[in-house]
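Here is how the chains run, residue by residue.
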Amino acid sequence: DFDLSGNAQQLFDAVSRAFGLECIFDNDYQLAAPIRFHLTGVDYRDALHGLEATTGSFIVPLTGLRFMVVKDTPQKRIEREPVVAVEVHLPDATNQQEFTEIIRDVQQAMAVEHVSQDTQNNTVILRDRISKVLPARDMFENFMRSRAQVMIEVRLLEVSRNDEVTYGIT
């Protein structure tokens, strides 16, 4: 549980120490006005994600126990955000056209720069900044879920004028 007040550097220092981590700050990191930070029942990931959202920052892992805090701007994302490669297996692609359409749709929606595909194994490799690749991977998984199906049970009833009296239909 955290109930802290202070500037971004003080908050990151306090939270990282609570989990046995070490944080350093980017050279251009500007400290803002004091902030109140209150979270209960969180692990280190949720605490750090909460701090990122509260302070307008993002974290760049450096080692297993050390990370760098960077102000979240488009330029800093380009400079500092880690680039990753992720392989996504698409087992349910029914044909080549569907496979290609899914890849194109995800690439356009998420603006992933480097995409390669293996049509024999229905595998896609995404390479870009982590903030683009992870949501793109999730999008692939959503596309590949079983399509929704609806079952409608219908009973047809035929009535004549004589039946109307029996069933009470007017």
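Overview of the structure. Note that the structure is predicted; figures quoted are calculated from it, not measured.

1. Quick word on the sheet that holds strand β8 (residues 123-129)
For step 1, the next point in the chain: The three strands lie next to each other as β6-β8-β7, forming an open sheet whose pairing is antiparallel. Single-partner strands in this sheet number two, and they are β6 (83-89) and β7 (114-118). Strand-to-strand twist in this sheet, taken as the mean axis angle between neighbours without regard to direction, amounts to 15°.
For step 2, the next point in the chain: Running over the sheet, helix α4 (residues 96-110) touches β7 and β8 and is turned about 165° from β7.
For step 3, the next point in the chain: Across the sheet, helix α5 (residues 130-143) touches β6 and β8, and the angle it forms with β8 is around 155°.

2. Concerning the environment of Q30
For step 1, the next point in the chain: Looking at the secondary structure, you find Q30 in the loop between β2 (22-25) and β3 (35-39).
For step 2, the next point in the chain: Residue classification places Q30 among the exposed residues on the basis of a relative accessible area of 58%.

3. Side note on a nonpolar patch on the surface
For step 1, the next point in the chain: On the surface, V150, I152, V154 and L156 cluster together into a nonpolar patch covering about 530 Å² of accessible area.
For step 2, the next point in the chain: Mapped onto the fold, V150 is located in the loop between α5 and α6 (161-167).
For step 3, the next point in the chain: Judged by relative accessible area, which is 73%, V150 ranks as exposed.

4. Some thoughts on unusual backbone geometry
For step 1, the next point in the chain: One non-glycine residue, A111, lies in positive phi territory at about 55°.
For step 2, the next point in the chain: Relative to the elements of secondary structure, A111 occurs in the loop between α4 and β7.

5. Remarks on the sheet that holds strand β4 (residues 57-61)
For step 1, the next point in the chain: Spatial ordering of the open sheet is given by β2-β5-β4, a layout of three strands whose pairing is mixed. Since the sheet does not close on itself, it has two edges, and those belong to β2 and β4, each with one partner. Strand-to-strand twist in this sheet, taken as the mean axis angle between neighbours without regard to direction, amounts to 30°.
For step 2, the next point in the chain: Pairing analysis gives five bridges linking β4 to strand β5 (residues 66-71), with the strands arranged antiparallel. In the strand pairing of β5, P61 is matched with F67.

6. Remarks on the packing of aromatic side chains
For step 1, the next point in the chain: Evaluation of the coordinates by the stated rule reveals five aromatic pairs.
For step 2, the next point in the chain: Note on F2 and F19: the rings are 5.8 Å apart at their centroids and 55° apart in plane angle, and the pair reads as tilted. With a gap of 17 residues between them, F2 in strand β1 (residues 2-6) and F19 in the loop between α1 (8-18) and β2 connect regions that are remote in the sequence.
For step 3, the next point in the chain: Taking the relative accessible area as the measure of exposure, F2 reaches 9% and is therefore buried.
For step 4, the next point in the chain: Plain terms: the ring middles of F25 and Y29 are 5.3 Å apart, the flat faces sit at 55° to each other, and that makes the pair tilted.
For step 5, the next point in the chain: Exposure remark for Y29: the relative accessible area of 9% places this residue in the buried category.
For step 6, the next point in the chain: The structure contains a cluster of three or more aromatic residues connected by ring pairs, namely F2, F19, F37 and Y44.

7. Observations regarding the packing of α1 against helix α2 (residues 44-55)
For step 1, the next point in the chain: Between α1 and α2, whose axes approach to 11 Å, the crossing angle comes to 175°. Compared by their axis directions, α1 and α2 come out roughly antiparallel. Every residue of α2 that contacts α1 at A8, L11, F12 and V15 is listed here: A47, L48, L51, E52 and T55.

8. Remarks on the packing of α4 against α5
For step 1, the next point in the chain: Where α4 meets α5, the closest approach of the two axes is 10 Å, and the angle between their N-to-C directions is 145°. In the packing of α4 onto α5, the handedness of the crossing is right-handed. Packed against α4, whose contacting residues are I102, I103, D105, V106, A109 and M110, the element α5 presents K132, P135, A136, M139, F140 and F143 at the interface.
For step 2, the next point in the chain: Looking at the contact of α4 with α5 residue by residue, the classes come out as ten nonpolar, no polar and two charged.

Rules and cut-offs
- Residues numbered from 1 in each chain as written.
- Predicted model: local features only at pLDDT ≥ 70, side-chain atom pairs only at ≥ 80, totals over all residues.
- Heavy atoms only, no water.
- Pairing = 2+ DSSP bridges.
- Helix = DSSP H or I, 4+ residues; strand = E, 2+ residues; numbered from the N terminus.
- Axes fitted to C-alpha atoms, helices over the stretch in contact; angles between N-to-C directions.
- Contact = heavy atoms within 4.5 Å.
- Buried < 20%, exposed > 50% of the residue type's maximum accessible area, 1.4 Å probe, protein only.
- Patch = residues over 30% accessible without salt bridge, like charges linked within 9 Å, V, L, I, M, F, W, Y side chains within 5 Å.
- Areas by Shrake-Rupley, 256 points an atom, 1.4 Å probe, with all protein chains shown as cover.
- Salt bridge = Lys/Arg side-chain N within 4 Å of Asp/Glu carboxyl O.
- Phe/Tyr/Trp six-rings, centres within 6.5 Å; stacked < 30°, edge-to-face > 60°.
- Parallel < 35°, antiparallel > 145°, perpendicular 65-115°, else oblique.
- Left-handed = near helix turned anticlockwise from the far one by under 90°.
- Nonpolar A, V, L, I, M, F, W, Y, C, P; charged D, E, K, R; others polar.

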